[in-house]
Amino acid sequence: MPVMSLFEILLLSFFILMALSIIYSTLAVGISPMPSSGKAREAMLELCKDTGKGEIVDFGSGWGHFVVAAAKTFPDRKITGYELSWVPYLTAYALKLIFRLDNLTLKRADFLTAKLNSASVLVCYLYPGAMKAIAGKLAAEQHHLHYIISNNFACPTLTPTTTLQLNDFYRSPVYLYRL
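Presented here is a report on the structure given in the accompanying data block. Treat the numbers as computed from the prediction; the structure is a model and nothing was measured. Along each chain, residues carry numbers from 1 onward, in the same order as the chain's sequence is written. Only residues with pLDDT of 70 or above have their local features reported here, since the model is predicted, and side-chain atom pairs are shown and tallied only from 80 upward, although totals for entire chains, interfaces and linings are computed over all residues. Where side-chain values are given, they derive from all heavy atoms of the structure, hydrogens and water being excluded.

**Describing the overall build of the protein**
Keep this limit in mind: Helix and strand definitions follow DSSP, with helices as H or I runs of at least four residues and strands as E runs of at least two, each counted in order from the N terminus. When we talk radius of gyration, it's over C-alpha atoms, and the globule rule is simply 2.2 Å times the number of residues to the 0.38. The cut-offs for exposure are 20% and 50% of the maximum accessible area for each residue type, with area from a 1.4 Å probe on protein chains only; residues under the lower value are buried, those over the upper are exposed, and the others partly exposed. Residue contacts are counted whenever heavy atoms from the two residues lie within 4.5 Å of one another. When charges are counted, Lys and Arg are positive and Asp and Glu negative, with His and the chain ends excluded. The atoms used to mark charge sites are NZ of Lys, CZ of Arg, CG of Asp and CD of Glu.
Assigned secondary structure in the protein consists of five helices and seven strands. Put simply, the protein runs from its N terminus to its C terminus through helices and strands in the order α-α-β-α-β-α-β-β-α-β-β-β. The globule rule puts the C-alpha radius of gyration for 179 residues at 16 Å, and the 18 Å found for the protein is close to it. Taken along the three principal axes of its C-alpha coordinates, the protein extends 65 × 35 × 35 Å. Buried positions account for 41% of the 179 residues belonging to the protein. In the protein, the share of contacts with a sequence separation of at least 24, taken over all contacts with a separation of at least 6, comes to 65%. Side chains of the protein carry 16 positive and 12 negative charges; the gap between the two charge centres is 3 Å.

Okay, structure coming up:
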């Protein structure tokens, strides 16, 4: 029976720790970090084009798929992502460094504690419970948001200005709310 080398043991340990971190975050937050599909990401970026020049904030930025694309697409805009799960956060941070995205700020923090003073666009791909919490946050706090763009899950207290039906297997909706 072959014996594992020290490198193989360390590599296996690293992947086990990554998996445990994701499992822990999933249990703590209530949902696993799931990236938006390419079609959804493109639809959200397209909707962002008509939202002015203000800051774009992504609640639950996960692995960085959207925030990295947004920072590349809108180099003159400030992009901020909030993520609690360590592994996706570190992955997004590595992408920020690799692509040298100076307009991208990543915060490992609970988005419900975020101050939205300078944000004009809120982007999210969350779940119904989180959308309800965001609605409560927006109702309770002063903010300067002009738009909310949500992938797949509607905001329970708002009526969308635009709803895009993606040409995917589920005909997923992407909602645009003008506040």
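Let's pick the thread back up.
**Here we look at the nonpolar core**
Which entries qualify depends on this criterion: To form a nonpolar core, buried Ala, Val, Leu, Ile, Met, Phe, Trp, Tyr and Cys residues must be joined to one another through side-chain atoms within 4.5 Å.
In terms of nonpolar packing, the biggest core is built from 27 residues, with Cys-48, Ile-56, Phe-66, Leu-104, Val-123 and Ile-149 touching the most fellow members. Counting only elements with at least two residues in this core, the list comes to helix H2 (38-48), helix H3 (65-73), helix H4 (86-98), strand E3 (104-107), strand E4 (119-124), strand E5 (147-151) and strand E7 (173-178). The residues touching Leu-104, leaving out its near neighbours within four places in the chain, are Val-67, Val-68, Ala-71, Ile-79 and Lys-96. If you look at the next biggest cluster of nonpolar residues, it comprises 20 residues, including Leu-122, Ala-130, Ile-134 and Ile-148.

**Notes on helix H5 (residues 128-140)**
Our working definition: Multiply 1.5 Å by the residue count of a helix minus one, and that product is the helix's expected span. Note that the arc is defined by the directions from the helix axis to the C-beta atoms.
Over its 13 residues, H5 extends 18 Å from the first C-alpha to the last, a length consistent with the 18 Å expected when each residue adds 1.5 Å. By the burial criterion, the buried members of H5 are Ala-130, Met-131, Ile-134, Ala-135, Lys-137 and Leu-138. Down the axis of H5, the sector holding all buried residues measures 160°, keeping them to one side. Along H5, exposed side chains directed more than 90 degrees from the buried face belong to Pro-128, Lys-132, Ala-139 and Ala-140.

**Let's talk about unusual backbone geometry**
Within the chain, Arg-100 stands out as a residue other than glycine whose phi angle is a positive 50°. Relative to the assigned elements, Arg-100 resides in the loop between H4 and E3.

**Re a nonpolar patch on the surface**
Let me state the cut-off plainly: Without a salt bridge and with relative accessible area above 30%, a residue can belong to a patch; like charges are then joined within 9 Å and nonpolar side chains (Val, Leu, Ile, Met, Phe, Trp, Tyr) within 5 Å. We get accessible surface area from the Shrake-Rupley algorithm with a probe of 1.4 Å; when it comes to residues, only the shown protein chains can shield them. Criterion for a salt bridge: a side-chain nitrogen of Lys or Arg within 4 Å of a carboxyl oxygen of Asp or Glu.
On the surface, Met-4, Ile-9, Leu-12, Ile-16, Leu-17, Leu-20, Ile-23 and Leu-27 cluster together into a nonpolar patch covering about 800 Å² of accessible area. Locating Ile-16 in the fold gives a position in helix H1 (residues 6-29).

As far as function goes, none of this settles anything; it's purely spatial.
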